[in-house]
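# Geometric and topological summary
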Amino acid sequence: GLPPALPTLPLELTILYNFLLFTVGASDSAVKGEAEGIRQGLLRVLEACGNCGQGLSTEELWQKVLQEVTVEELQAPLHRLGALQAAWWLSASHLSSTTVLIRLLSHAEDLGRAHCSEGENELLSLLKAWKLPAEETSLPLVQRTEDLKEILFTTVASLQGLQELDAGNFSTALSLLQESAEGFCTKKVLAQIYTCLGCCAQRMGKPQTALQHLKRALQTDFQCLPALFHAATVYHELGETDVELQALALLYEALVKKPPAAASSGQCFLIQMELLVHTPVLASLLCHHHPSEVKYLLAQRCLQDGRVIDAVEHYLDLLALLQEGLKQQVPLNGSSALHRIPEVFLEVASALEQAGRHQDAITMCEEVIRRTTDLIPRTLQLEEMLEQTECPSPGLSQKKESLCCLAWRAAGFLHQGWAWVKLGKSKEAITQFSRCLGDLLRVRLCGSGIEPTDNLPPEVEVLQKIRLLSLIGRGMQFLELGKDKEALLDFQHGLQISPGDPAAASYVVQALWNLNRKQEAATLWQKFSQSSSVEDGKGRPCPLYLVSCLKQVMFPHRESLARSVQDFL
């Protein structure tokens, strides 16, 4: 409540500076309310000099103070508060306000040197040109202004680099992040910057450079686990599966033994770290994955690479983790690597089936079927859903969820059918394939103006794929039982659903050939041979839990059938 006086203002502003730093250090974050303390300090400075700043915005207040207050003893305290104000603005990503303030603090005589050439960063140039007044040695400081200025430089380079990375300007982002890595920061922050550099290089299509940055991040701070995760993704892109699996296994072991601790530091002023944490793109790059997610990735990679035994082991470990309640730790959003639980169960069934554990696969599928049965309506009007795609409504998401449940249940029957095939039980297999097809009758996949070639939603494409695989699977069993007419109907139906599908077309030719309709078979074979190269690879990627079924419907006698057709022609 004392009126401001020029002789005591340097001490007052220094106490304010130290107090704000202690407040930030104690709360481990930039407290927005503390910015009002700086404003009150500036108003007292103007009052002591016979001026008034009431009604001015914070930017206008700083401009008035720095242009009108020329007392030499106040320059160092004002520059300290200016650095702190810049830190608060940076924490809110107000780069333009920060640029104006640093330009004022640099003074007019420094602006000429601060003007950057084309392509050079203005704010970083201003920070380099900012000459701090000499500190008053009799006034103790929690943190030197020079150190705070260096932190500002590192923070600006990091923030701008991350903004450029998010915008897709990778070359500019790489340059800015490299500059921030040379600045003033803790080992923990430096490791995070190297991680960002690795991600940037990865997006630029430079995997080896990315690995160098990520390895350097781990050398700087071995607890920077996101760097290990990103290294695994780079090895995946390079096709180095062994090293990728080793990286994921190390990551899982580290997460299980000691989960990453909350950010902490021995420094009083932690504003740099908090500024970076508030950046969404950084939060995404440095996302800590949960053990369940990493274990799931291990299982998936092994299954995709054909390491079935390892995949089964990882999947069963994952199920144990989920049963222990660790699924509560997995974020329920798009950033999680863990898929929907029914899909995980179906992937487990696929792995068990490929490992020869057919009864276990049947049991796993039965669990999916049981849990989804009550979630599927009796009928699903696909036409209405397609009309609502362009104008989303609350009911649209519910219909999509119903389609997902239907796909999971139908896939359960599909896998059970193939499991019975492997057990040599053709009749049981036909029953399960038929139950799968009966489920899919709840929704019309084509007809009524909806053609297979239309751009259908992904949920519907999955249903079509399941329907095709069931028809081919059932037809194959009919062939085994010598029921060529029934087999031909299924194969032809599959070809209607997916025109040009190599497996369906080959089996239609085989069924026609078996029925002694060799001219039709030869004509279809010629037509298929000319168009198969065009049709292959169309459509969206198939869910992992259906990949094994795709392999099982591949036509095994292509060469011998081709010779027979050529001989006939």
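For clarity, every value in this text was computed on a predicted model and none was experimentally measured.

Conventions adopted
Residues numbered from 1 in each chain as written. Predicted model: local features only at pLDDT ≥ 70, side-chain atom pairs only at ≥ 80, totals over all residues. Heavy atoms only, no water. Helix = DSSP H or I, 4+ residues; strand = E, 2+ residues; numbered from the N terminus. Buried < 20%, exposed > 50% of the residue type's maximum accessible area, 1.4 Å probe, protein only. Contact = heavy atoms within 4.5 Å. Areas by Shrake-Rupley, 256 points an atom, 1.4 Å probe, with all protein chains shown as cover. UniProt positions renumbered as here; feature names shortened; annotations may be inferred. Disulfide = S-S within 2.5 Å. Phe/Tyr/Trp six-rings, centres within 6.5 Å; stacked < 30°, edge-to-face > 60°. Lys NZ or Arg CZ within 6 Å of the ring centre and 35° of its normal. Polar contact = N/O pair within 3.5 Å; in protein donor to acceptor, adjacent residues only side chain to side chain. Axes fitted to C-alpha atoms, helices over the stretch in contact; angles between N-to-C directions. Parallel < 35°, antiparallel > 145°, perpendicular 65-115°, else oblique. Left-handed = near helix turned anticlockwise from the far one by under 90°. Salt bridge = Lys/Arg side-chain N within 4 Å of Asp/Glu carboxyl O. Core = buried A, V, L, I, M, F, W, Y, C linked by side-chain atoms within 4.5 Å.

### Considering the overall build of the protein
The helix and strand tally for the protein stands at 28 helices and zero strands. Considering the protein as a whole, with its 569 residues, one finds that 49% of them fall into the buried category. In the protein, the proportion of contacts linking residues at least 24 apart, taken out of those at least 6 apart, comes to 68%. Per element, the accessible surface of the protein, about 27200 Å² overall, is 52% carbon and sulfur.

### Some details on the UniProt feature "repeat: TPR" (unreviewed entry) in the protein
The sites that carry the UniProt feature "repeat: TPR" (unreviewed entry) are, in the present numbering, residues 468-501. Between the end C-alpha atoms of residues 468-501 there is a gap of 9 Å, over a span that is 79% helix and 0% strand.

### As for the state of the cysteines
With the rule as written, the count across this model stands at zero disulfides. Of all cysteine sulfurs, the one in Cys 549 lies closest to Cys 436, which takes part in no disulfide; the gap is 9.2 Å. Residue Cys 436 is classed as buried on the basis of its relative accessible area of 0%.

### Section: the packing of aromatic side chains
Both the distance between ring centres and the angle between the ring planes are used here to describe each pair of aromatic rings. The tally for this structure, following the rule as stated, stands at six aromatic pairs. Sitting above the plane of the Tyr 17 ring, Arg 80 keeps its charged end 5.9 Å from the centroid. The aromatic ring of Tyr 252 is capped on one face by Lys 295, whose charged end is 4.4 Å from the ring centroid.

### Structural notes on the side chain of Gln 75
Structurally, Gln 75 can be placed in helix H4 (residues 72-91). Overall, the relative accessible area of 12% leaves Gln 75 in the buried class. A polar contact is formed between the side chain of Gln 75 and the backbone oxygen of Val 69, at a distance of 3.3 Å.

### Remarks on the packing of helix H16 (residues 291-304) against helix H18 (residues 341-354)
Interhelical geometry of H16 versus H18 gives an angle of 40 degrees and a closest axis separation of 11 Å. When the interaxial angle is binned, H16 and H18 end up oblique. For the pair H16 and H18, the crossing hand works out as left-handed. Where H16 approaches H18, its residues Tyr 296, Gln 300 and Leu 303 are matched on the opposing element by Val 344, Glu 347, Ala 351 and Gln 354.

### Digging into unusual backbone geometry
Phi at Ser 93 is positive, roughly 60 degrees, even though this residue is not glycine. When you line up the elements, Ser 93 lands in the loop between H4 and helix H5 (95-106). On the basis of relative accessible area, Ser 93 is assigned to the partly exposed category, the value being 40%. Its identity is not glycine, yet Asn 516 carries a phi of approximately 65 degrees, on the positive side. Assessed through its relative accessible area of 58%, Asn 516 is described here as exposed.

### Some thoughts on the pattern of salt bridges
Enumeration according to the criterion identifies 18 salt bridges in this entry. The residue Glu 244 makes a salt bridge to Arg 301 at a minimum N-O spacing of 2.6 Å. Taken together, the residues span a long stretch of sequence, with Glu 244 in helix H13 (residues 241-257) and Arg 301 in helix H16 at a distance of 57 residues. There is no split in this pair, since Glu 244 and Arg 301 are both buried. When the shortest N-O distance is used, the salt bridge between Arg 357 and Asp 360 registers 3.0 Å. Residue Arg 357 is classed as partly exposed on the basis of its relative accessible area of 35%.

### Some words on the nonpolar core
By size, the foremost hydrophobic cluster in this structure holds 95 residues, and its most contacted members are Tyr 315, Leu 414, Ile 466, Ile 472 and Phe 491. The greatest single-element share of this core, amounting to twelve residues, is contributed by helix H21 (residues 394-422). With residues up to four places along the chain from it excluded, the contact list for Phe 491 reads Leu 471, Ile 472, Gly 475, Met 476, Leu 479, Ala 504, Tyr 507, Val 508 and Ala 511. With 44 residues, the next largest nonpolar core counts Leu 81, Leu 84, Leu 152 and Val 156 among its residues.

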